[in-house]
Amino acid sequence: MSEFIAVMGASGSEYTVAEHTTRRVLSGEAEEVRARLVYALESLGYVVVSDSPLQARRARRKDIVRADFTDHARRVSVGLRRAGASATQATFDFAVTHGGFTTKGDLLTLEREADAVAALAAAPPPEAPCRSCGTENGGDARFCRLCGAPNAAGEPAEMEVLRLTAGGRAALQEIFGGLLLALLVAAVTAPLMLLGKPKVANVMLALFAVGQAAAWGMTLYGVLRLHRTLKPGTAARTLNASAPAAAAAATAPVLPTPRVQTSALLPPSFSVTDATTELLATPAPEREPVPVRRAEPRDTGPLG
């Protein structure tokens, strides 16, 4: 499989190809796993060019300034072999075309991408019914619309881990690179500014200003990327999370509202609990005062 990767890599000298091989074990026979891997790769934006052997590619998604390691052009070849009675071992052979050098963190990002592909292949399809009650839900439902069970057709957690790993590694590289560049510029230009001739000192001062501006710009951009990685668009996430819930609520069956007999003395805005509590502690009705008439004394005579 590595020969396929090398032949189809970038040809320009300004690009490098990072190769990495990793393995995962998936449940099911080889043909079943192959079909699920095709679905998983296409969900991540790959174009499957061959299914036997399974080969896919993905074009560059961002420019070199804004891209993290998951945004570079890449190709992957997946080999399948039986690993047990109902298990298949998948060997992922990645080749990422990018400008620069490859770090251990970049290889860790490829490991997380393999985890994401395996998780998508093992997850139920969006149209699958709820595992708790068997209710059919929409493709974007996060909870079952009948029983409320989570992850009725949700995205696996490995996708979020992949996003955090790629964004965090890219931000760390930019922050470290910016600080290192600032130190190098200062170490090269400071002695000549202090000890050199006036013309040389002026040139070194200009180089120092330009170099420091570029270095601290790179550092601040890395800090901004780290902030966006750790705290993505809150408003967008809230809207995306509320939309499936609203759609599920709209399609949920309407249950009849039970009739509750309340006291005539209570206003209709009271809840069932309030009404029940009031019925348990109903005060005794007040008695209407009745005037008492006293009989006039009668004259009974001396014998009384």
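Described below are features of the structure shown in this document. A quick note: this is a predicted structure, and the numbers were derived from the prediction, not measured. (Residues numbered from 1 in each chain as written. Predicted model: local features only at pLDDT ≥ 70, side-chain atom pairs only at ≥ 80, totals over all residues. Heavy atoms only, no water.)

## Some thoughts on the pattern of salt bridges
Tallied over the full model, the rule gives 10 salt bridges. Between arginine 61 and aspartate 71 there is a salt bridge whose closest N-O contact spans 3.5 Å. Of the two residues, arginine 61 sits in the loop between strand E3 (54-58) and strand E4 (73-82) while aspartate 71 sits in the loop between E3 and E4, which places them 10 residues apart along the sequence. The partner of glutamate 160 in a salt bridge is arginine 163, with the nearest N and O atoms 2.6 Å apart. (Salt bridge = Lys/Arg side-chain N within 4 Å of Asp/Glu carboxyl O. Helix = DSSP H or I, 4+ residues; strand = E, 2+ residues; numbered from the N terminus.)

## As for the packing of helix H4 (residues 157-195) against helix H5 (residues 198-230)
Their axes nearest at 8 Å, the elements H4 and H5 cross at an angle of 165°. As the angle between them shows, H4 and H5 are arranged roughly antiparallel. The two elements H4 and H5 cross, and the hand of that crossing is left-handed. In terms of residue class, the contact of H4 with H5 is built from 24 nonpolar, 10 polar and 4 charged. (Axes fitted to C-alpha atoms, helices over the stretch in contact; angles between N-to-C directions. Parallel < 35°, antiparallel > 145°, perpendicular 65-115°, else oblique. Left-handed = near helix turned anticlockwise from the far one by under 90°. Nonpolar A, V, L, I, M, F, W, Y, C, P; charged D, E, K, R; others polar.)

## Some thoughts on unusual backbone geometry
Across the junction of serine 52 and proline 53, the peptide omega takes the value 0°, indicating a cis bond. Relative to the assigned elements, proline 53 resides in the loop between strand E2 (47-51) and E3.

## Brief notes about the pairing of strand E5 (residues 87-98)
Burial analysis of E5 places 12 of its 12 residues in the buried class, which makes it a mostly covered element. Here E5 shows a buried face lined by Ala87, Gln89, Thr91, Asp93, Ala95 and Thr97 and a second buried face lined by Thr88, Ala90, Phe92, Phe94, Val96 and His98. In the sheet, strand E1 (residues 16-27) pairs with E5 via 12 bridges, with the strands oriented antiparallel. Within the sheet, the bridge partner assigned to arginine 23 lies in E5 and is threonine 91. (Buried < 20%, exposed > 50% of the residue type's maximum accessible area, 1.4 Å probe, protein only. Pairing = 2+ DSSP bridges.)

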